[in-house]
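Results of the structural survey
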Amino acid sequence: MKKVLVTGANGYLGSQICTLLLKKRFNVVGVCRKIPNQQALEGPLKGLEVLLGDLTDKTIISEIENLVVDSVVHTVSFDHKQSESFETDKVCQLNVQLNWQLMEMFSTKNISHFIYLSTIQVLGDISNLNVDEESQGIPLNKYGLTHLIGENMVQYYKKKTGLNYLSLRLSNGYGSPILNNSNWSWLVINDLCRMAVFEKKIVLQSNGEIYKDFIHLTDIAKSVSHLLLTEENLDPLYNMASGHSISLLSVAHTIKKVYELKFGIEIHVFHSRNILSKLDSFQESRYKIVNDNIVKTGFQFDVRLEEGINELLNYFLNLSTIPNA
């Protein structure tokens with residue numbers, strides 16, 4: 001059984017990855033800022049070896065340095081909103097310096113994989129393009145910029161060590177959380193499904209013409225597990241995306257359709273806050289994030305959009321309290 005270190009194990013992405021790796025019989029050490037609740041530790045995170053501490057603290061870094069693990073999955077960074085609002089020094093410390101420190105630390109150890117979770121925001125505006133791993137872009141925010149630096153670090157350490165250092169460049173994730181205390185409810189599809197269940201309507205703040213590529217958390221976690229079990233030499237970068245962009249208005253109408261089929265109750269979609277939307281008139285796809293490279297490794301996507309929406313509706317239906325918008 002391979003032993004894997006996962007940073008941010010009590011986060012939205014990290015907890016999903018840990019849950020799947022534990023199911024796949026990996027030994028998992030999870031770095032957590034806060035201890036997961038007992039229900040999670042006895043349920044989906046059962047068997048997780050918790051390493052408690054803040055990764056900006058030298059003490060926890062020393063503990064990590066003394067670990068013997070086969071692989072590392074690094075999920076920690078400030079999110080988009082935090083990266084824009086926090087001071088530059090603080091953002092650099094977590095999003096850049098920590099990455100560098102961990103990659104350098106493990107470059108001297110005989111690990112098989114170092115997987116860094118990046119973001120499609122490294123490319124900036126791709127609203128009318130088809131993009132693959134060779135595409136060059138200019139980030140439009142600090143979140144994208146710091147992750148582009150992280151991807152370049154991966155390239156450097158892969159070349160330096162010959163080890164499987166690689167970046168997973170994620171599109172827009174969605175899906176229910178393992179831990180309710182993780183930062184998840186503001187994500188677009190999550191929030192629209194929340195509205196459908198608790199408000200019996202879906203309200204978009206814009207006209208819904210923004211296009212995004214959505215990927216369910218189950219597929220993201222599965223891709224990490226798949227790559228950790230791949231022994232051959234891997235590329236330094238893989239796009240992790242559905243390969244299909246869809247307008248937010250189309251997403252809202254898809255949620256409406258799934259909801260009505262599930263519950264037999266009609267709900268309405270409003271765009272621009274108060275305009276009733278009868279039909280989605282936007283074209284089906286405006287750009288494409290090419291995912292051929294990860295498919296060539298043998299990876300298969302499992303969760304269609306309708307299935308992911310149904311999973312979220314079930315999750316919200318079973319909640320005892322309404323999450324914050």
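Just above sits the structure.
Residues numbered from 1 in each chain as written. Predicted model: local features only at pLDDT ≥ 70, side-chain atom pairs only at ≥ 80, totals over all residues. Heavy atoms only, no water.

Focus: helix α8 (residues 217-228)
Going by this rule: Secondary structure follows DSSP: runs of H or I at least 4 residues long count as helices, runs of E at least 2 residues long count as strands, and numbering of each begins at the N terminus. Residue count minus one, scaled by 1.5 Å, sets the expected span of a helix. Throughout, exposure labels follow a simple rule: accessible area from a 1.4 Å probe, protein chains only, divided by the maximum for the residue type, with under 20% read as buried, over 50% as exposed, and the rest as partly exposed.
With 12 residues, α8 extends 17 Å between its outermost C-alpha atoms, agreeing within 8% with the 16 Å of an ideal straight helix rising 1.5 Å per residue. With 10 of 12 residues buried, α8 lies mostly within the body of the structure. Residues L217, D219, I220, A221, S223, V224, S225, H226, L227 and L228 constitute the buried set of α8.

Some words on the environment of L20
The line we're drawing: Contacts were defined at the residue level, with two residues in contact if any of their heavy atoms lie within 4.5 Å.
Tracing the backbone shows L20 in helix α1 (residues 12-23). Taking C-alpha positions, L20 is 30 Å from C92, a pair spaced 72 residues apart along the chain. In contact with L20, other than residues within four places in its own chain, are A221, K222 and S225.

Concerning the sheet that holds strand β13 (residues 268-271)
Adjacent strands of a sheet pair through backbone hydrogen bonds, lying either parallel or antiparallel. Which entries qualify depends on this criterion: Strand pairing requires that DSSP identify at least two bridges connecting the strands. In this description, a line fitted to the C-alpha atoms serves as the axis of each element, helices being fitted only across the stretch in contact, and the angle between N-to-C directions of two axes falls anywhere from 0 to 180 degrees.
The sheet built from 3 strands is open, its strands ordered β9-β13-β14 with mixed pairing. Where the open sheet ends on each side, the last strands, each with one partner, are β9 (201-203) and β14 (275-277). In this sheet, neighbouring strand axes are inclined to one another by 30° on average, regardless of whether the strands run parallel or antiparallel. Examined bridge by bridge, β13 and β14 share 3 bridges and lie antiparallel to one another. By the bridge assignment, F270 is partnered in β14 with L276. In the packing of helix α9 (residues 248-263) onto the sheet, contacts are made with β9, β13 and β14, and the angle to β13 comes to roughly 165°.

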